[in-house]
Amino acid sequence: MNILTARNTTTEKKESKTKGTRTSRAKDEQSKLPAKRGRPRKVKAQDFEEEEPKETENSIDETGVKIYDPKVQDEVPENDTPFAFESEEAASQQSEPVNEQSVPEETEPSPFDSVAVEETAPFVSADDSPFSRAFEPVSSISDDSSATEESTSSSFSSSYDDSRDVEFELAQERVDSTMKTLVESQRTFFNTNQTRDVNFRILQLKKLYRAIKDNEALITEALYKDLSKSPAETYSTEIGLVLHEISYVIKHLKKWTKPRRKIADLHLLPARFIIYTEPLGVSLVMSTWNYPILLSLDPIISSIAAGNTVILKTSEYAVATNNVLKTMLEKTFNRSYLAVVQGGYTENHALLEQHFDFIFFTGSQNVGKIVMSSAARFLTPVCLELGGKSPCIVDSSANLEIAARRIVWGKFLNAGQTCVAPDYILVDKGVKDRLIELMKLEIQRQFGDKPLENKDYPKIINERRFVHLSTLCPKAEMDFVTNKISPTIMDLGDMNGREASESEIMQEEIFGPLLPVLSFDNINTVMAYVASRPVPLSLYIFSTNSDNCRRVTQELRFGGGCINDVVFHLASSKAPFGGAGESGMGGYHGIYGLRTFSHEKSVLVQSPKTDLNIRYAPCTDKKLRLLKKVLR
C-alpha cells in the first residue's frame, strides 16, 4: 500500500534584528510607520485583554480576599454536611444550567490567535503538531523593523508586517499582565487557608457534580458539534467517568487527608512521626481537545481534592465544548478559586510566564518539553500526560473473536483520536489473516456498511488534522465535507520488512482511524522490537499464554495497559493512570491524583523529657559501638 508523506507548509518571516523591550519597540515601530501607507490591522479583543482592575468597593469579596473578576461569593448552606448534597433548591441556585444565550458565539479569528501565528511562524516541530505552533516562543516571531532603519522607502507589505508584529507584542503584554493579576488573585485566596479545610474541598466537589448534572444536555450537544460524538459515547467516555471520579473522591477524601502517625526508627526513639498531606498552592491544568470534558475535569477534581486553586487552560480546537465548560465553571466558582482561560498562543505563552506551584499538562511530547522547560525556570513540579505509539500484541493463543471485537472498539473510539488507543497491531503471522478478516467484520457490525453515513461515528476535529491523516492513507474512504475518515486497516506485512520500516504512519502517533497491522515470527522478536522504540503510553496483549503475558507486562516499559482488553485501564478511580519515559511522568485518578497535587509533609515529634545521650559529645568508644549496633 502506498503511504504518502504528510507535508504542511508555513511561510517564514525574517528574523528580528530589533533590540529593546517590547514597550520601547512598540513605540519606536509606531513612530516609524510611513504615513498613509495602509491602515494597520486592529487588535481584536481577547478573552483576558481588559485593563488590570482597579480597587473599588466591589473588588473585595465577603471573605476579605481580592478577586480578579468580582462576583458574589458562593454561600454555604447552614444545613450542608460533608456527606450530603445540597438541597435541590440550594443546588439549583448555586449552579444554574448554562442557557444558549450564555454560551459565547464563535467569532472571527483574531490576528493574534494561534491560527495567525500558524500562517506566519517559521517554527515547525518534528511531527508538525498543531500544538507546537501554539507554544512558539515570542522570540521566534520576527519583524522587519531593521529594513525600515536601513531604508526610508520600505514597501507597503513590510510596513504592514511591522505594524502587525507591533500589535502582536502589545496584545501579548496586555494578556501577560492579565494572567499575572489572575495568578496573584488565586495566590491571595490560597493564602487565606480556606482550601485547607477538607469540608470546604468536599463542598466544592459537590458543587462541581451538581453543575455537570445540570448542564449534561448542553455538554452532550457541544461535544456533538465539536467531534460528532453520540450521546452514549459522550456519557460513557466523558460525563459518566467524571461523575464517578467525583463520587469516589468525596467518599474517601477525609480518610485520605487524615494525618498519619508512625513510630520513629530505633535511633530516634522515643520520637514519633506525623505525616500531613498539604496542598501545593496555585495549580495550572492545561487540557486538550480530544476528550475536552474528561481531560479537563479529572485533573481539576484531583487538584480541588488536594486543596489547591486551579486555572484551567482549555484547548482552542473544541470551541463549543470549551464555551459551555467556561460558562458552567465560572457560574459555579469564583475566579479567585477556579478560573478558565481560553485562547491560543498568546494565552499559552502568558500563562507559562507565570509562577505556578504545580502544572498538569495533557498533550503531545513536543509541547510537553516546552511546558517542562518553562516550569524549570521556577522549579515548578509538573505532571505530563503525553502520547506515543501504543502497541497491541496478539499471539497465536489469543481468542481472535474477542480480540477483534475489543481492538476495533478501542481503536476507533472517538474516530481513533484517543491517546491510549492501540496505535498498531503486532500479530503472529499464523493468525494475521484471520484477525484482519474478523476485524473487518467487526467494523461492519459496529459502524454499519457505510460508516461515513453513520451519525454516531465521530469526525476528525478540524480540517488540518483531516488533511494530514488523508495523506498517511490516501486509499481510505473519507468525506471532505464532514471531515470523517472511515475505519481503515492497513496490512504492512512483516514488522521488520521494508514497507513497515519505511512507512510514514509508523514514524508518528496516528491519532486517527487508521490501524496498521504487522506480523511477527515469535515473541522474542516482538520484545526486541517494542523495547527498541520510545516508551509507549499504553501496551496491550491478547493471549492465553501466561508466560507471554508475564514477559510482556513485566519486562517491557510502558505507562499502563491491559491483558486481553484495551483502553479500560484508564477508566478506574482505584488505579493510577500516567505515562513513563517519553510518554510522560506522574499519574492521577483517585488517591493517586491527590498525591500528585499534594506534598506529604513529615513532622517528627520528640519527647521533651526523655533523651538519648548517645548523640551528644564527647564521643566515646562505647557510644560508637552502640551506634554500630543500631545503625546497620
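Right, let's walk through the structure included here.

What counts and how
Residues numbered from 1 in each chain as written. Predicted model: local features only at pLDDT ≥ 70, side-chain atom pairs only at ≥ 80, totals over all residues. Heavy atoms only, no water. Patch = residues over 30% accessible without salt bridge, like charges linked within 9 Å, V, L, I, M, F, W, Y side chains within 5 Å. Areas by Shrake-Rupley, 256 points an atom, 1.4 Å probe, with all protein chains shown as cover. Salt bridge = Lys/Arg side-chain N within 4 Å of Asp/Glu carboxyl O. Helix = DSSP H or I, 4+ residues; strand = E, 2+ residues; numbered from the N terminus. Buried < 20%, exposed > 50% of the residue type's maximum accessible area, 1.4 Å probe, protein only. Contact = heavy atoms within 4.5 Å. Core = buried A, V, L, I, M, F, W, Y, C linked by side-chain atoms within 4.5 Å. Pairing = 2+ DSSP bridges. Axes fitted to C-alpha atoms, helices over the stretch in contact; angles between N-to-C directions.

## Topic: a nonpolar patch on the surface
Moving on, step 1. Residues I263, L266 and L269 make up a contiguous nonpolar surface patch of about 330 Å² in total accessible area.
Moving on, step 2. Following the sequence through the fold, I263 ends up in strand 1 (residues 260-263).

## Let's talk about the environment of A500
Moving on, step 1. Along the chain, the position of A500 falls in helix 17 (residues 498-502).
Moving on, step 2. For A500, a relative accessible area of 3% puts it in the buried group.
Moving on, step 3. For A500, the residues in contact, after removing those within four places along its chain, are L492, D494, M495, M506, Q507 and L518.

## Section: the nonpolar core
Most often, soluble globular proteins have nonpolar side chains that are buried together.
Moving on, step 1. In this structure, I212, L329, V394, I425, L426, M439 and L514 are the most contacted members of the largest nonpolar core, which totals 122 residues.
Moving on, step 2. With nine residues, the single largest contributor to this core is helix 9 (residues 231-257).
Moving on, step 3. L426 has contacts with C392, I393, V394, M495, L518, F520, V526, Y529 and V530, leaving out every residue within four places of it along the chain.
Moving on, step 4. Of all hydrophobic cores here, the second largest spans 22 residues; its members include M179, I359, V382 and L384.

## So, the sheet that holds strand 15 (residues 560-563)
Moving on, step 1. Strands sit in the order 12-13-9-8-14-15 across an open sheet of six strands; the sheet is parallel. The open sheet has two free edges, formed respectively by strand 12 (488-494) and strand 15, since each of these has just one partner strand. Neighbour to neighbour, the strand axes of the sheet diverge by 20 degrees on average, direction disregarded.
Moving on, step 2. Here three bridges tie strand 8 (residues 391-394) to strand 14 (residues 538-542), and the two strands are oriented parallel to one another. Note that in strand 14 the partner of C392 across the bridge is Y540.
Moving on, step 3. The sheet contacts of helix 14 (residues 400-412) involve strand 8, strand 9 (424-428), strand 12, strand 13 (514-520) and strand 14, and relative to strand 13 the element is tilted by about 140 degrees.

Keep in mind these values describe shape, not function.
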